[in-house]
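Analysis of the macromolecular model
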Amino acid sequence: MTMKTVLLSGLAVMCAGTVVAAELPRPKNIVMILADDVGWGDLSCYGAKAVSTPHCDRLAKEGGRFTDAHSPASTCTPTRYAIMTGQYAWRKPGTGIATGDAGLLIDPSRATLPSMLKKAGYVTGAVGKWHLGLGPGPGKTDWNTEIVPGPREIGFDYSFLIPATGDRTPCVYVENQRVVGLEADDPMEVSFKLGQDNYPGELDGRKNRDQLKLDWDYGHHFAVVNGIGRIGYMKGGTKARWVDEDMADTLAAKSVAFIERNKDKPFFLYFATHDIHVPRVPHPRFVGKTDMGARGDAIVQFDFQVGEVLDALDRLGLTDDTLVIVTSDNGPVLNDGYKDFAVQKRGDHRPAGDFRGQKYSAYEGGTRVPYLVRWPKQVKAGGVSDSLVCLIDSYATFAAMTGQALGQDDAPDSFDLAAALLDPAAKGRDTLILQDPDISLRQGQWKLIPAKKNQDAPLGVADGVVGNPDLFLKGGVDTGAARTPQLYDLSGDLREANNLAGQHPERVAEMLTALQDARAKGRTRP
């Protein structure tokens, strides 16, 4: 019997009024590597020519590659919230891009992806960019003691984190909810009251601009750490502050160490790299690896981190029994606040492939991301799938694979796509709601971007007419916000250049109703 037959036969067999699910193969280990701002076209296995990503290419060759995979949002915090909870972030106010001093955004009383896998017998670890808040929140979080609540309270046994992002304070690592290397006589303080100067005695990106090794273009001009301006303020914790150039090595080493410690147990590793988010300051050994400057070199550095994890699995004899997923939290961005010449040095490289849009955008380039799956015992090598899948489905999919039943309120927007992960010919989602700037809807080949809610608010580029699909390649942001609805048929218009809303008003109305129903019901999972 083939794997496809096993998966599809008896997926819903009615027996004495109950549903009996087919038994799915269970991975001994699960590794999810979440890149930051890596676009659909940034990897060589997705057609990039200006950069080589051999470790990601290896995954595509030894496993499967998806062409219609999406992050649930075109920005980072909402995507990460959705992965962890199986709930669209737009359902919970306050889950936009988080400040560095935000409190934990996930209610510790709710079930989460790591708590579900922990219940299934997995040792759970989180390494890398967190950006889901820590502690009780602004003005209340004490960075000089154990920071509670945090990853442990939502199901992670181990954590080694960048609290928010590399361009936000605090610029320290937090391991098991304590700042690494913090000295008692040099306590830390963090603030995001951005209308003031930095703390007295600390460098300020506006007043001390001549001392910066990476100049800012906009926004990143408050606290200065490692010669780089950041968003937010910070004082103290001098010896605890990270060195950006060493970050990739540090995070990769912590991920490998977690695997090594737990090689004899089932484990789940959530490795959220910082690359290729700004500030892009790759280690000197990666500088000059591409002709695209820091952004291209950071892609190579990201691929190195993937390779470190794959090598560890090989060395420890865990490859065949480990499900590995490599993807990204949203689409690409070029100029994101620093003068690293990402726009000027792009050349012919197309970070979002042939799709319109980018990070912050409702267009396909904002959420259509690389998605690679390898599990040698179960996933056919070299497969390519055009199934519609989403990172939010990790929760329900891993639950199905590990035999965990979901409660009525668990993962309300996450779908079990185990069949699609294991078989390129299997069907994925029919519909998907995507976030940023507001929410839009995919129904099969159709994509609806509703009219902007606040008709008086400023727009991005689009104003009910087609803008320049390549705007962001020139440093701008084509958000997709418009005064009138936009409807695209992606089967023949992947560039979203032909707005069909005027030709299909009935479809627009039906899709708007579907969005309203999804909001009202509070769930989309059956």
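It should be noted that the structure appears before, not after, this text.
This write-up is about the structure you can find in this document. (Residues numbered from 1 in each chain as written. Predicted model: local features only at pLDDT ≥ 70, side-chain atom pairs only at ≥ 80, totals over all residues. Heavy atoms only, no water.)

With that settled, consider the overall build of the chain. Looking only at helices and strands, the chain has 10 helices and 20 strands in total. Relative to the 2.2 N^0.38 estimate, which gives 24 Å for 526 residues, the radius of gyration of the chain is 22 Å and therefore close to what a compact globule would have. Across its three principal axes, the chain shows a C-alpha extent of roughly 70 × 60 × 45 Å. Counting every position in the chain, which comprises 526 residues, the buried fraction comes to 60%. For the chain, restricting intrachain contacts to residue pairs at least 6 apart in sequence, the fraction spanning at least 24 positions comes to 73%. Accessible area for the chain stands at about 19400 Å²; split by element, carbon and sulfur atoms hold 52% of it. For the chain, the centre of its 60 positive side-chain charges and the centre of its 66 negative side-chain charges are spaced 2 Å apart. (Helix = DSSP H or I, 4+ residues; strand = E, 2+ residues; numbered from the N terminus. Rg over C-alpha atoms; globule rule 2.2 N^0.38 Å. Buried < 20%, exposed > 50% of the residue type's maximum accessible area, 1.4 Å probe, protein only. Contact = heavy atoms within 4.5 Å. Areas by Shrake-Rupley, 256 points an atom, 1.4 Å probe, with all protein chains shown as cover. Lys, Arg positive; Asp, Glu negative; His and termini not counted. Charge placed at Lys NZ, Arg CZ, Asp CG, Glu CD.)

Take the packing of aromatic side chains next. Under the criterion given, the structure shown has 15 aromatic pairs. Ring geometry for tyrosine 88 against tryptophan 90: centres 5.4 Å apart, planes inclined by 15°, an arrangement best described as stacked. In this structure tryptophan 90 comes out as buried when scored by relative accessible area, which is 16%. For the pair phenylalanine 258 and phenylalanine 267, a centre-to-centre distance of 6.0 Å together with 85° between the ring planes defines the contact as edge-to-face. Three or more aromatic residues joined by ring pairs form one cluster here, namely Trp130, Phe156, Phe268, Tyr270 and Phe398. Here arginine 65 stacks its cationic end above the ring of tyrosine 46, 4.9 Å away from the centre of that ring. It is arginine 209 that lies over the ring of tryptophan 216; its NZ or CZ is 3.6 Å from the centre. (Phe/Tyr/Trp six-rings, centres within 6.5 Å; stacked < 30°, edge-to-face > 60°. Lys NZ or Arg CZ within 6 Å of the ring centre and 35° of its normal.)

The next thing to look at is the sheet that holds strand E17 (residues 431–435). Ordered in space as E17-E18-E19-E20, the 4 strands form an open sheet in which the pairing is antiparallel. Two strands bound the open sheet, and with one partner strand each, they are E17 and strand E20 (486–489). Adjacent strand axes in the sheet meet at a mean angle of 15° when their direction is disregarded. Across 4 bridges, strand E19 (residues 446–449) lies against E20 in antiparallel orientation. For lysine 447, the partnering residue across the bridge sits in E20 and is tyrosine 488. Helix H10 (residues 505–521) contacts E17, strand E18 (439–443), E19 and E20 of the sheet and is inclined by roughly 115° relative to E18. (Pairing = 2+ DSSP bridges. Axes fitted to C-alpha atoms, helices over the stretch in contact; angles between N-to-C directions.)

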